[in-house]
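Results of the structural survey
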Amino acid sequence: MNTSASLQKPPYHPQSRQPNQQQNQDIHQRKVGLTHELLSFFFLLIPFAVANGVVIANAAALPLYGGKIILFVLPVSFLFFQLWKKLLVLRLVTVLLAILAGAEAYVAYAFGGVSGSSLYSILTTSDSSESFHYLLQHLQAVMLWLLLCAVSTALAINFARRSAYHPGSFMILCLLCIAGYGWYIGAMSASTYLKEKNANRYPTISEDGKEKMFGVGNLPPLLSTVKDTYPYGLPVRLWMFWREEKVMRGMEQKLSHFHFGAAVAAPVTAAASAATQETYVLVLGETARFDRWTVNGYERDTSPNLLKARQNGELVSMRDMITPRTFTMGSIPIYLSGRDIMQEGARQKSLISAFKEAGFKTYFLSTQVKKSFLNNVTTLFAAEADVQQYFESDETLGLVYDDALLGPLKNILQEKPAKKLIVLHTMGSHAVYSARYPRAFEKYPVSSAGKAGAEQIDGMQATSNAYDNSIRYTDHVLGEIMQALALLPGNAAMIYGSDHGESLPTKACKFIGHGVLNEENLRVPYFVWSNQAYREQHATKWQNLLKNQDKASMTSANFATLLDMAGIGFANFPADHSLVREYQARSVRMVMTMQNTELDFNTARKKEGACGMLQVKD
């Protein structure tokens, strides 16, 4: 046996290893291709991940929302990603949605939740100049976001071109979608159980709240799963908004047949019968905070006219009044109709119609832009007045100040009708604050430019000063109204109430604006002034006002209060809401977020490091 021959190695043939090298190269190429595929997908998702991440951080329960994103949204997104690589139209749509993701992220950061019908109503009824100015105010952030979108999209396209990944089937991804959806339904059930077990820890929507959704509140499970995500939830929320607007238009038709059956109660004395002239002015303010008026304890001299009127016993200031909604569209209708905060739209006409039925001639004058009817219930209520006049102010530049209402008001006061209701809707302290008053009313400087030796004024102080100047100018306008009413014979009274407050920048919180639930936005000034004739004839009502000025109240009380001051009543009149009667302080005061979630102001607590925003007390 030839052992040397048996141990001899086979001859080396290089071509025998070529298949293994080719196989290794294929594996390497697939790995590189898959890496490029994942990088492309990652960069494409960056703008959307930011938007959803802010929602998770600020508004959502992390396990529930995070699981929804990971197990449901990501697999679906990957399916669309395969189409994105092939369809130019889908790429263009994706770019647009990525840009809008910046707006969604801002809404979640500033307002604590995703965009919804309230925000869409504001956007569709705001004039273009206001929107343009708002973008200019945030130009740096807008440009940075556009740069992020451009860079991430370019990188996504670059890596997609280098990708060699060609999925043969979507079966696994589809199974992941189904698994994610099933997990979410289970998590929802567990969450519902926990809410019921520990209900005081969660804000819950009442039965009226469900009704608010106009039949779209109980969404199918699939739509409910994606409703709060971006971008898949955007079409769902827009559809819900469209449904609400459709119902709103139906309400407009129904209101045309509505009647209060209102009438003035018979006078109780001969003196009351002789005083036939009755004049009531309701001034609807804008963006005025409770704590920025001297008459309410502010150290600056912002309301000398109101302070003097109170010192003379002519004016009462409600010290603890809040608004349920912190944006004009939601708050002004509450002043005019007294409706519950959860009942969107108009279930009945406003106090303007009640005054008309009682024999008053009614007027509605406004320096705000007359906006289209898209959830603009204020415009709907204004149309009830016998006379409507709009002196439209440019919301960015000003141009028309609130004193534009004074001349027409004084002319109306000289007209023959003995009984009048005049509603004035002002621009008040709406941003831009420095555009709300003439230069002569700049008591507090907004700039040190051109002033030798002047103390430097930073942006924060300039903003605060401009805001205080706007409050002082509002006091001037109110002073002119009170002076004109004081010259009238008979009974005359004025009520002023602001729609909401405003957040101003501080060292701890840089946020400027409204729409959030904090005390600066929710607590509003509410003043009642009357002439001597009214106070003498209705001494009991005036004394009740004084007794009630420190009680917890809400702006919905304005409806019953103003009607009661004029002695107007009807069947089922909400007498317990009238501030000129024996009034019980509100033990529960429900307010509502931009996402239409309720919480009780009386028991809410402030979030840590969240600009004083309120949340349900633990």
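Located above this text is the structure these notes cover.
Residues numbered from 1 in each chain as written. Predicted model: local features only at pLDDT ≥ 70, side-chain atom pairs only at ≥ 80, totals over all residues. Heavy atoms only, no water.

A word on the overall build of the chain
Applicable threshold: Secondary structure elements follow DSSP: runs of H or I no shorter than four residues count as helices, runs of E no shorter than two count as strands, and numbering proceeds from the N terminus. Only protein chains enter the accessibility calculation, which uses a 1.4 Å probe; a residue whose area is less than 20% of its type maximum is buried, one above 50% is exposed, and one in between is partly exposed. In these tables, accessible area is a Shrake-Rupley quantity obtained with a 1.4 Å probe, and a residue counts as shielded only by the protein chains included in the view.
Each helix and strand in the chain was counted, giving 22 helices and 15 strands. Counting all 618 residues of the chain, 49% fall into the buried class. For the chain, the accessible surface area stands at approximately 29300 Å², while carbon and sulfur atoms represent 59% of it.

Focus: the packing of helix α13 (residues 304–311) against helix α18 (residues 459–486)
Put simply, the test is: Comment: axis = line fitted to C-alpha atoms, over the contacting stretch for helices; angle = value between 0 and 180 degrees taken between N-to-C directions. Angular relationships are summarised with four words: roughly parallel below 35 degrees, roughly antiparallel beyond 145, roughly perpendicular across 65 to 115, and oblique for the angles in between. It only takes one pair of heavy atoms within 4.5 Å for two residues to be counted as in contact. Gly counts as polar in this scheme, as do all residues outside two lists: the nonpolar Ala, Val, Leu, Ile, Met, Phe, Trp, Tyr, Cys and Pro, and the charged Asp, Glu, Lys and Arg.
Taken N-terminus to C-terminus, the directions of α13 and α18 make an angle of 50 degrees; their axes are 7 Å apart at the nearest point. With respect to α18, the axis of α13 lies oblique. Counted together, Pro304, Asn305, Leu306 and Ala309 of α13 and Arg472, Asp475, His476, Leu478, Gly479 and Met482 of α18 form the full contact between these two elements. By residue class, the composition of the contact of α13 with α18 is 5 nonpolar, 3 polar and 2 charged.

Quick look at helix α21 (residues 539–548)
Rule in force here: Taking the helix axis as origin, the arc is that swept by the directions to the C-beta atoms.
Three or more residues of α21 are buried, namely Lys541, Trp542, Asn544, Leu545 and Asn548. All buried residues of α21 fall inside an arc of 155 degrees around its axis, so they share one side. Away from the buried face of α21 by more than 90 degrees, exposed residues Thr540 and Lys547 are located. Its buried side turned inward, α21 meets β3 (315–317), β9 (526–530), α20 (532–537) and α22 (557–565).

Focus: the nonpolar core
Rules: Throughout this description, the term nonpolar core refers to a set of buried Ala, Val, Leu, Ile, Met, Phe, Trp, Tyr and Cys residues connected via side-chain atoms within 4.5 Å.
Core analysis: the biggest nonpolar cluster contains 47 residues, and Tyr280, Leu351, Phe355 and Leu563 have the highest contact counts within it. Sequence-distant contacts of Tyr280, that is, excluding residues within four places in its chain, are made with Phe355, Phe360, Lys420, Leu421, Ile422, Ala493, Tyr534, Leu562, Met565 and Ala566. Residues Val295, Ile422, Ala484 and Leu504 belong to the second largest nonpolar core, which totals 36 residues.

Focus: the side chain of Ser556
Relative to the helices and strands, Ser556 is located in the loop between β10 (553–554) and α22. Beyond its immediate sequence surroundings of up to four residues, Ser556 is in contact with Ile334, Gly338, Arg339 and Arg586.

Some points on unusual backbone geometry
In this model, Ala431 is joined to Val432 through a cis peptide bond whose omega is 10 degrees. By secondary structure assignment, the location of Val432 is in the loop between β7 (419–425) and α18. Located in the positive-phi region is Thr287, a residue other than glycine, with phi close to 60 degrees. For Thr287, the location among the structural elements is in the loop between β2 (278–285) and α13.

Details of the state of the cysteines
We apply this condition: Note on disulfides: each one is a pair of cysteine sulfur atoms within 2.5 Å.
Scanning all chains against the criterion turns up 1 disulfide. Covalent S-S linkage joins Cys509 and Cys611, the inter-sulfur distance amounting to 1.9 Å. Since a negative S-S torsion denotes a left-handed disulfide, the Cys509-Cys611 link at about 100 degrees is right-handed. Placement of Cys509 in the loop between β8 (491–498) and α19 (519–522) and of Cys611 in the loop between β14 (605–606) and β15 (614–615) is noted, with a sequence separation of 102 residues between them.

Here's the deal with the packing of aromatic side chains
Keep this limit in mind: Whether two aromatic rings pair depends on their centres lying within 6.5 Å, for rings of Phe, Tyr and Trp, where Trp uses its six-membered ring; planes under 30 degrees apart make the pair stacked, over 60 edge-to-face, and the rest tilted.
In the structure shown here, the tally under the stated rule is 23 aromatic pairs. With centroids separated by 6.2 Å and ring planes inclined at 55 degrees, the aromatic side chains of Tyr280 and Phe355 adopt a geometry described as tilted. On the criterion of sequence distance, the pair formed by Tyr280 in strand β2 and Phe355 in helix α15 (residues 351–357) is long-range, its members being 75 residues apart. Tyr280 sits in the buried class, given a relative accessible area of 0%. Ring centres of Tyr280 and Phe360 lie 6.1 Å apart, and the angle between their planes is 55 degrees; on these two criteria the pair is classed as tilted. Of this pair, Tyr280 sits in strand β2 while Phe360 is found in the loop between α15 and β5 (361–366), placing the two residues 80 residues apart along the sequence. One aromatic cluster in this structure is built from Phe258, Phe260, Phe559, Phe570 and Phe573.

Regarding the pairing of β9
Quick reminder of the rule: Strands were regarded as paired on the criterion that DSSP finds at least two bridges between them.
For β9, the buried fraction is high: 5 of the 5 residues fall into the buried class. Of the two faces of β9, the one carrying Tyr526, Val528 and Ser530 and the one carrying Phe527 and Trp529 are both buried. In terms of strand pairing, β3 meets β9 through 3 bridges, oriented antiparallel. When the sheet's bridge partners are listed, Ser317 is paired in β9 with Phe527. One ladder, built from 5 bridges, connects β8 with β9; its direction is antiparallel. The residue of β9 that forms the bridge with Met494 is Trp529.

Some details on the environment of Ile471
If you trace the backbone, Ile471 turns up in helix α18. When its relative accessible area of 0% is taken as the criterion, Ile471 is described as buried. Along the sequence, Ile471 and Tyr433 sit 38 residues apart, while their C-alpha atoms lie 9.3 Å from each other. Among residues more than four places away in sequence, those in contact with Ile471 are Ala288, Arg292, Trp293, Thr302 and Ser429.

Brief notes about the packing of helix α17 (residues 406–413) against α18
Angle between the axes and distance between the axes: these two values describe a pair of packed helices. Threshold: Rotating anticlockwise by less than a right angle from the far helix to the near helix defines a left-handed crossing, while the corresponding clockwise rotation defines a right-handed one.
Between α17 and α18, whose axes approach to 11 Å, the crossing angle comes to 15 degrees. When the interaxial angle is binned, α17 and α18 end up roughly parallel. With respect to the hand of their crossing, α17 and α18 are arranged in right-handed fashion. Contact residues: α17 offers Leu406, Leu409, Lys410 and Leu413, while α18 offers Val477, Glu480, Ile481, Ala484 and Leu485.

Some details on the pattern of salt bridges
To be explicit about the condition: Salt bridges are defined as contacts in which a side-chain nitrogen from Lys or Arg sits within 4 Å of a carboxyl oxygen from Asp or Glu.
Scanning the model with the defined rule gives 14 salt bridges in all. Three or more residues are tied together by salt bridges with common partners; here these are Asp320, Glu519, Arg523 and Arg589.

Comments concerning helix α14 (residues 328–337)
Judged by how many residues are buried, α14 sits mostly within the fold: 10 of 10 residues are covered. Buried within α14 are the following residues: Thr328, Met329, Gly330, Ser331, Ile332, Pro333, Ile334, Tyr335, Leu336 and Ser337. Positioned one or two residues after α14, Gly338 has a phi angle of 70 degrees, which is positive.

Some details on the sheet that holds β7
The 7 strands lie next to each other as β3-β9-β8-β2-β7-β5-β6, forming an open sheet whose pairing is mixed. The outermost strands of the open sheet, each flanked by one partner alone, are β3 and β6 (387–390). Averaged over all pairs of adjacent strands, the angle between strand axes in this sheet comes to 10 degrees, irrespective of strand direction. Its contacts with the sheet place α14 against β2, β7, β8 and β9, and it is angled at close to 160 degrees to β2. Here α17 sits on the sheet and contacts β2, β5, β6 and β7; the angle it forms with β7, its principal contact strand, is near 175 degrees.

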